[in-house]
Protein chains: 2
Amino acid sequence: MKIDGDMLIGATRLHGAEGDIHAIDPRNGERLAPAYGGGGPDEVARACALAAAAFDAYRETSLAARAGFLETIAQNILDLGDDLIERASAETGLPRARIEGERGRTVGQLRLFAEEVRRGDWLGLRFDTPSPERRPAPRPDLRLRHIPLGPVAVFGASNFPLAFSAAGGDTAAALAAGCPVVVKAHSAHPGTSEMVGCAIRAAVAACGLPEGVFSLLFGAGSSMGTALVAHPAIKAVGFTGSRRAGVALMATAAARAEPIPVYAEMSSINPVFLLPVALAARAPAIAAGFVASLVLGAGQFCTNPGLVLAVGGPDLDRFLTEAAAAVAAAPATTMLTPAIHAAYDAGRLRLGAHAAVATLAEGRPAQGPFEGRPALFATDAAQFLADPVLQEETFGASSLVVRCPDVATLRAVAERLDGQLTATLQMDAGDLDDARALLPVLERRAGRILVNGYPTGVEVGHAMVHGGPFPATSDSRTTSVGTLAIRRFLRPVCYQDLPQALLPAALRDGNPLGLARSVDGVPIVAPAI
Amino acid sequence: MKIDGDMLIGATRLHGAEGDIHAIDPRNGERLAPAYGGGGPDEVARACALAAAAFDAYRETSLAARAGFLETIAQNILDLGDDLIERASAETGLPRARIEGERGRTVGQLRLFAEEVRRGDWLGLRFDTPSPERRPAPRPDLRLRHIPLGPVAVFGASNFPLAFSAAGGDTAAALAAGCPVVVKAHSAHPGTSEMVGCAIRAAVAACGLPEGVFSLLFGAGSSMGTALVAHPAIKAVGFTGSRRAGVALMATAAARAEPIPVYAEMSSINPVFLLPVALAARAPAIAAGFVASLVLGAGQFCTNPGLVLAVGGPDLDRFLTEAAAAVAAAPATTMLTPAIHAAYDAGRLRLGAHAAVATLAEGRPAQGPFEGRPALFATDAAQFLADPVLQEETFGASSLVVRCPDVATLRAVAERLDGQLTATLQMDAGDLDDARALLPVLERRAGRILVNGYPTGVEVGHAMVHGGPFPATSDSRTTSVGTLAIRRFLRPVCYQDLPQALLPAALRDGNPLGLARSVDGVPIVAPAI
């Protein structure tokens, strides 16, 4: 499809007047047409006003209609065909197969949310039976449902041009909950965002929804994002990106006349614990799996394993020898943007120059302008704990191994880690006691705990948690991947003694929508109707 | 029981060194013995360290053990007998019957949470079935449970010395979720707090729990509260009180190295909409019910009806005549503290002196030193919208009637209201269309919507929402009353490919704890075991 460089403000196309934004093909540094104009406060206000105007109508669409809308978006994205794959690949440097996989994930995510919407359990319906005869005061008729928060601002991520961008997880969850969405596209892939935005816009029209259900804005720098989060019509924010930008949005949201929730997924080094028996039994295999996870996608995953913790000794040495060899053999690969590449190189060089850090291996030298070389570093527990800089994320295929004198120190280091998206144990049956002692520490620090896998690869499902304590995210009570994410955008409302004719259909007597509910605290699954 | 004026830091009694805090009997202004010493940073640190040390053990208590603990607290509170009733009445000026009722509510709340804990649905267990054969990558085994956030700081409220204080809703919900609790007692009722704190402490000991599960601190001024919220071991905050204090705690929590959730219930004027047909049919009855709700408990409820909206005309005039007569006949009643009385009087006089406000009635003059006179004021819609001061809460038995020219204006005023705990409709069948048009507006602005009742009286149940958009609370996604409040203190954790021996019991194959769960998105109620 043809792309024009326009913002999509409801049904209106509009070329922003503030600056020229060009995607860059990181494989060769070339600027890609067309130019995208950034929007200003007027466009933010217009998109937000449309979203607010659409809210009441959109949130009362039937579950079937809303699910159909999500499925229409999914089909429209597929219908973009190869144009989308090629553009996304050009804008990110990610190989075609990866983009195809990501499209599958994005479409699957929308369809999973459609199923979830239809099932309706997320409405969290609760009924307390009235007791008019109770003394001294009668017990009222109380019925509870969850309603959406209101228009949501979503910030596209650099590293997933499809799955965490215009029609990504945050958008899917917010639309599923009944919230209109205003997306601020990531400036690294505006063409991909425009294409996907058009797919969503076409679905809005095809489903007869108010145009304000979806808008797509562009803006270089941080001013548009700040204006968007500050706008009174916006009631929640979804963000995936750097800690600095995420913390800035948290501050903007907290400073509003009406503070709003921010779901920012920011920074995680995803510790991998190599327990002694497993390390003794299979150091080479663990090393191979670890390096494969480390270099996947040029290391540009939120769940990239940036930290390895193990007890020093011959078993760890074997692991390090194998891992260093694998890293040294790994090619440099094109990173997403020149800025990400520059930040990675700076971080990698800084770590290599750190007095307490040894460089174990570097990958093959870069061939292209924005290729990142994988790197493996080592330090020991005391030095790691002495300098908080060593806990900072280096976004890319860089990892730091921390040698501990014993398992107790491994646990002590775990106690000192910042919040994480994931924590991984490599363990065998003989490690069970050590693993049991570590588990509560890891639960307090991470949203997902894995055994004998690697953290990259985040399954989209019902039981996934892609979240965790700060600074991994701004709000550990939720997830940004999986159906549980719909809860981010909901709040409970109680209806006391409403006449049947005024009650929302989901709460009426006789359960006309056939939904799951709990009555006086006892859950009742949905009847087959 | 004898009270000593000590803080309860785990199992240790400790008399604070910072200043003397005395309860005052607001019925006569007399200082009540004993003196309470305020704690400082050392006591905060000690209570928080004990709470952190207790967390892992407490959160893994069995559901039965934790429920038993809550029930033991309830019984211990009942066992305090008349001493508690008398002390609470002396410290608050609330009549004996009200305190007895509040004790029943507090004990009932603990027992309801005990049932909820036993049922275990709140663990939100989710399973995604693995698919080892899936290509290109196998689908992992994902299992999700909710775990508690960590130690919680709870601030006692002035207006509910039992139900929203040391063993109040926030404490009950946090303990139910598995969080140790550090209470900062309200300085208005330290003796009541010490008694109840001892009841909790005795339950901790009787149930063999680590002492850090509960601590009780005293402190005049705001410095101890600030230190408590700033302490790294604290992972969430529950607060009921003024908007100023709540917003200050939000700022403290947001400024931490690790920001944490604050559940502050602050300020609400609880609009009551009198729809035309109902007003025509039964103005006198509505007026009687409204004034009864207004003056209940000297107007010192978060849900006190501080705002009435109606279309001007003879029907509203009839309502106003009746309501004004009832208010004029109402006695002044003792308020909770000298400071609350002073603030109420200042607010009432300010409103009476406002150029756009007419005083319709004042209650009978005060006889005692800290009695508040009920008051009823009126203004019109244009003037109400012109001055945001008219939306500010006057804590006490004061209410403002806003005359609107028509129902459309009623709705327009509703659109401009701040967030509220409640919104009430007085309506008859003939008002249904107007009510339907108002409902979405009210849903966006309030946590609970009532028809033909009055907002005071917050039922403790499963379907209650005592919450709402800012400034009613700091977080509209939750409730501070009812079993749904347990969610405030939980976060999801995903376990990927864990061996059975390492999995928490709730997530093991065969459902050994007999809990409700969802499998691949399909809910399965708890088996009868």
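Residues numbered from 1 in each chain as written. Chains lettered and ligands numbered in written order. Predicted model: local features only at pLDDT ≥ 70, side-chain atom pairs only at ≥ 80, totals over all residues. Heavy atoms only, no water.

A. Representation of the overall build of chain A within the structure. For chain A, the helix and strand inventory stands at 14 helices and 23 strands. Relative to the compact-globule value of 24 Å for 529 residues, chain A shows a C-alpha radius of gyration of 25 Å, a close match. Its C-alpha atoms give chain A principal-axis dimensions of about 75 × 60 × 40 Å. Looking at chain A residue by residue over its 529 residues, the buried ones come to 62%. The contacts of chain A with a sequence gap of at least 6 include a subset with a gap of at least 24, amounting to 76%. Here chain A has roughly 17,000 Å² of accessible surface; of this, 58% comes from carbon and sulfur atoms. The distance from the centre of the 46 positive side-chain charges to the centre of the 52 negative ones in chain A is 4 Å. (Helix = DSSP H or I, 4+ residues; strand = E, 2+ residues; numbered from the N terminus. Rg over C-alpha atoms; globule rule 2.2 N^0.38 Å. Buried < 20%, exposed > 50% of the residue type's maximum accessible area, 1.4 Å probe, protein only. Contact = heavy atoms within 4.5 Å. Areas by Shrake-Rupley, 256 points an atom, 1.4 Å probe, with all protein chains shown as cover. Lys, Arg positive; Asp, Glu negative; His and termini not counted. Charge placed at Lys NZ, Arg CZ, Asp CG, Glu CD.)

B. Main features of the side chain of glutamine 426 of chain B. Residue and element names in this part refer to chain B. Within the secondary structure, glutamine 426 sits in strand β19 (residues 420-426). Of the residues examined, glutamine 426 reaches a relative accessible area of 1% and is grouped as buried. Here tyrosine 454 takes part through its side chain, which lies 3.3 Å from a polar atom of the side chain of glutamine 426. In this structure, glutamine 426 is in contact with Val272, Phe273, Leu274, Leu275, Ala278, Arg282, Ile286, Asp431, Asn452, Gly453 and Tyr454, ignoring residues within four places of it in sequence. (Polar contact = N/O pair within 3.5 Å; in protein donor to acceptor, adjacent residues only side chain to side chain.)

C. Focus on the pairing of strand β13 (residues 307-311) of chain B. All names here are of chain B. Where burial is concerned, most of β13 is hidden: five out of the five residues are buried. Residues of β13 alternate between two faces, with Leu307, Leu309 and Val311 on one and Val308 and Ala310 on the opposite face, all of them buried. You can see the chain leave strand β12 (residues 271-274), run along helix α9 (residues 276-295) and come back into β13, and the turn it takes is right-handed. Looking at chain direction, β13 and strand β18 (residues 398-404) are connected through five bridges and run parallel. Its bridge partner being in β18, alanine 310 is matched across the sheet by arginine 403. (Right-handed = clockwise from strand over helix to strand, strands pointing away. Pairing = 2+ DSSP bridges.)

D. Representation of the interface of chain B and chain A within the structure. Listed by partner, the interface residues are 76 residues for chain B and 76 residues for chain A. Arginine 134 of chain B is the partner of glutamate 459 of chain A in a salt bridge, and the nearest nitrogen-oxygen pair spans 2.5 Å. For the pair chain B and chain A, the interface holds 45 residue pairs in polar contact (both at pLDDT 80 or more). Looking at the side of chain B that touches chain A residue by residue, the classes come out as 42 nonpolar, nine polar and 25 charged. Note: strand β21 (residues 490-496) of chain A against strand β20 (residues 446-451) of chain B, three bridges, orientation parallel. Note on β20 of chain B: the bridge partner recorded for tyrosine 495 of chain A is isoleucine 449 of chain B. (Salt bridge = Lys/Arg side-chain N within 4 Å of Asp/Glu carboxyl O. Nonpolar A, V, L, I, M, F, W, Y, C, P; charged D, E, K, R; others polar.)

E. Geometry of the domain arrangement of chain A. Residues and elements named next belong to chain A. Taken domain by domain, chain A holds domain 1 (36-266 + 478-488) and domain 2 (271-451). One C-alpha centre belongs to domain 1, the other to domain 2, and the line joining them spans 33 Å. Domain 1 puts 13 residues into the contact, and the matching count from domain 2 is 12 residues. Between domain 1 and domain 2 lies a buried interface of about 840 Å² when both sides are counted; carbon and sulfur atoms form 61% of it. It is Ser158, Asn159 and Glu265 that lose the most area in domain 1 upon contact with domain 2, and together they represent 42% of the buried surface on that side. Where domain 1 touches domain 2, the interface holds zero salt bridges. Linking domain 1 with domain 2 are one residue pair in polar contact (both at pLDDT 80 or more). For the side of domain 1 that touches domain 2, a count of residues per class yields four nonpolar, five polar and four charged. (Domains from an automatic or database assignment. Buried area = accessible area lost by both parts, 1.4 Å probe.)

F. Quick peek at the pattern of salt bridges. Applying the stated criterion to the full structure yields 73 salt bridges over all chains. Close ionic contact of arginine 13 of chain B with glutamate 194 of chain B constitutes a salt bridge, the shortest N to O distance being 3.1 Å. Of this pair, arginine 13 of chain B sits in strand β2 (residues 12-14) while glutamate 194 of chain B sits in helix α6 (residues 190-206), placing them 181 residues apart in sequence. Overall, the relative accessible area of 29% leaves arginine 13 of chain B in the partly exposed class. With its nearest N and O atoms 3.5 Å apart, the salt bridge here joins glutamate 415 of chain B to arginine 445 of chain B. Placement of the pair is glutamate 415 of chain B in helix α13 (residues 407-415) and arginine 445 of chain B in helix α14 (residues 432-445), with a sequence separation of 30 residues. One network of salt bridges, in which partners are shared, links Asp56, Arg59, Glu60 and Arg145 of chain A together with Glu415, Glu443, Arg444 and Arg445 of chain B.

G. Representation of the state of the cysteines in the model. Following the criterion strictly, the structure yields zero disulfides over all chains and no others. Unpaired in terms of disulfides, cysteine 494 of chain B finds its nearest cysteine sulfur in cysteine 302 of chain A, a separation of 15 Å. (Disulfide = S-S within 2.5 Å.)

H. Inspection of the relation of the copies chain B and chain A at higher detail. Superposition of chain B onto chain A requires a rotation of 180° combined with a translation of 0.0 Å along the rotation axis, giving an RMSD of 0.0 Å. Here the symmetry operator amounts to a two-fold rotation axis. When C-alpha distances to the rotation axis are compared across chain B, the minimum falls at valine 525 of chain B, with a value of 3.5 Å. Most of the interface of chain B is mirrored in chain A, where 100% of its interface residues again form contacts. (Least-squares fit on C-alpha atoms with pLDDT ≥ 70 in both.)

I. How the structure looks around the environment of isoleucine 9 of chain A. Residue and element names in this part refer to chain A. For isoleucine 9, the position within the fold is in strand β1 (residues 7-9). When the C-alpha atoms of isoleucine 9 and glutamate 211 are compared, they prove to be 8.3 Å apart, with 202 residues separating the residues in sequence. Apart from the residues lying within four places of it in its own chain, the contact partners of isoleucine 9 are Leu14, Glu43, Arg46, Ala47, Leu50, Glu211, Ser215 and Leu217.

J. Spotlight on the nonpolar core. By size, the foremost hydrophobic cluster in this structure holds 314 residues, and its most contacted members are Phe273, Phe319 and Leu425 of chain A together with Phe273, Phe319 and Leu425 of chain B. With residues up to four places along the chain from it excluded, the contact list for leucine 425 of chain A reads Phe273, Leu275, Ala435, Leu438, Leu442, Leu450, Val451 and Asn452 of chain A together with Leu502 of chain B. (Core = buried A, V, L, I, M, F, W, Y, C linked by side-chain atoms within 4.5 Å.)

K. Geometry of the packing of aromatic side chains. Residue and element names in this part refer to chain B. Under the defined criterion, the tally for this structure stands at 14 aromatic pairs over all chains. Summarising the aromatic geometry, the rings of phenylalanine 155 and phenylalanine 239 are spaced 5.9 Å apart at their centres and angled 65° between planes, so their arrangement reads as edge-to-face. In this pair, phenylalanine 155 sits in strand β7 (residues 152-155) while phenylalanine 239 sits in strand β10 (residues 236-240), placing the two residues 84 residues apart along the sequence. Take phenylalanine 239: its relative accessible area is 8%, and that puts it in the buried class. For the pair phenylalanine 290 and phenylalanine 319, a centre-to-centre distance of 5.8 Å together with 45° between the ring planes defines the contact as tilted. With phenylalanine 290 in helix α9 and phenylalanine 319 in helix α10 (residues 314-329), this residue pair connects regions lying 29 residues apart in the sequence. (Phe/Tyr/Trp six-rings, centres within 6.5 Å; stacked < 30°, edge-to-face > 60°.)

L. Highlighting the environment of threonine 12 of chain B. Residues and elements named next belong to chain B. Position of threonine 12 among the secondary structure elements: in strand β2. Along the sequence, threonine 12 and alanine 35 sit 23 residues apart, while their C-alpha atoms lie 18 Å from each other. Those residues within four positions of threonine 12 in sequence are excluded, and the remaining contacts are Met7, Arg46, Arg201 and Glu211.

M. Structural view of the sheet that holds β12 of chain B. With mixed pairing, the 12 strands of this open sheet are ordered in space as β23(A)-β22(A)-β5(A)-β6(A)-β21(A)-β20(B)-β19(B)-β12(B)-β13(B)-β18(B)-β17(B)-β15(B). The outermost strands of the open sheet, each flanked by one partner alone, are β23 (522-524) of chain A together with β15 (358-362) of chain B. Neighbour to neighbour, the strand axes of the sheet diverge by 20° on average, direction disregarded. Here β12 of chain B pairs with β13 of chain B via four bridges, running parallel. From the neighbouring strand, leucine 274 of chain B faces β13 of chain B, where its bridge partner is alanine 310 of chain B. Here α13 of chain B sits on the sheet and contacts β12, β13 and β18 of chain B; the angle it forms with β13 of chain B, its principal contact strand, is near 155°. (Axes fitted to C-alpha atoms, helices over the stretch in contact; angles between N-to-C directions.)

N. Focus on unusual backbone geometry. Residue and element names in this part refer to chain A. For the bond from arginine 135 to proline 136, the omega torsion is 5°, close enough to zero to count as cis. Along the polypeptide, proline 136 turns up in the loop between β5 (126-128) and β6 (142-148). Positive phi, close to 50°, is recorded for asparagine 270, a residue that is not glycine. Within the fold, asparagine 270 resides in the loop between β11 (262-265) and β12 (271-274). Asparagine 270 gets classed as buried once you look at its relative accessible area, which sits at 0%.

O. Looking closely at the side chain of threonine 478 of chain A. Within the secondary structure, threonine 478 of chain A sits in the loop between β20 (446-451) and β21. A polar contact of 3.3 Å, which involves the side chain of threonine 478 of chain A, links it to the side chain of arginine 488 of chain A. Once you skip the residues sitting within four places of it in the chain, threonine 478 of chain A turns out to touch Tyr263, Val465, Gly467 and Arg488 of chain A together with Pro492 of chain B.

P. Representation of the environment of proline 305 of chain B within the structure. All names here are of chain B. Checked against the element boundaries, proline 305 lands in the loop between α9 and β13. Distance in space between the C-alpha atoms of proline 305 and arginine 350 is 19 Å, their sequence separation being 45 residues. Those residues in contact with proline 305, other than ones at most four positions away along the chain, are Ile269, Asn270, Val272, Phe290, Ser293, Leu294, Ser399, Pro455 and Thr456.

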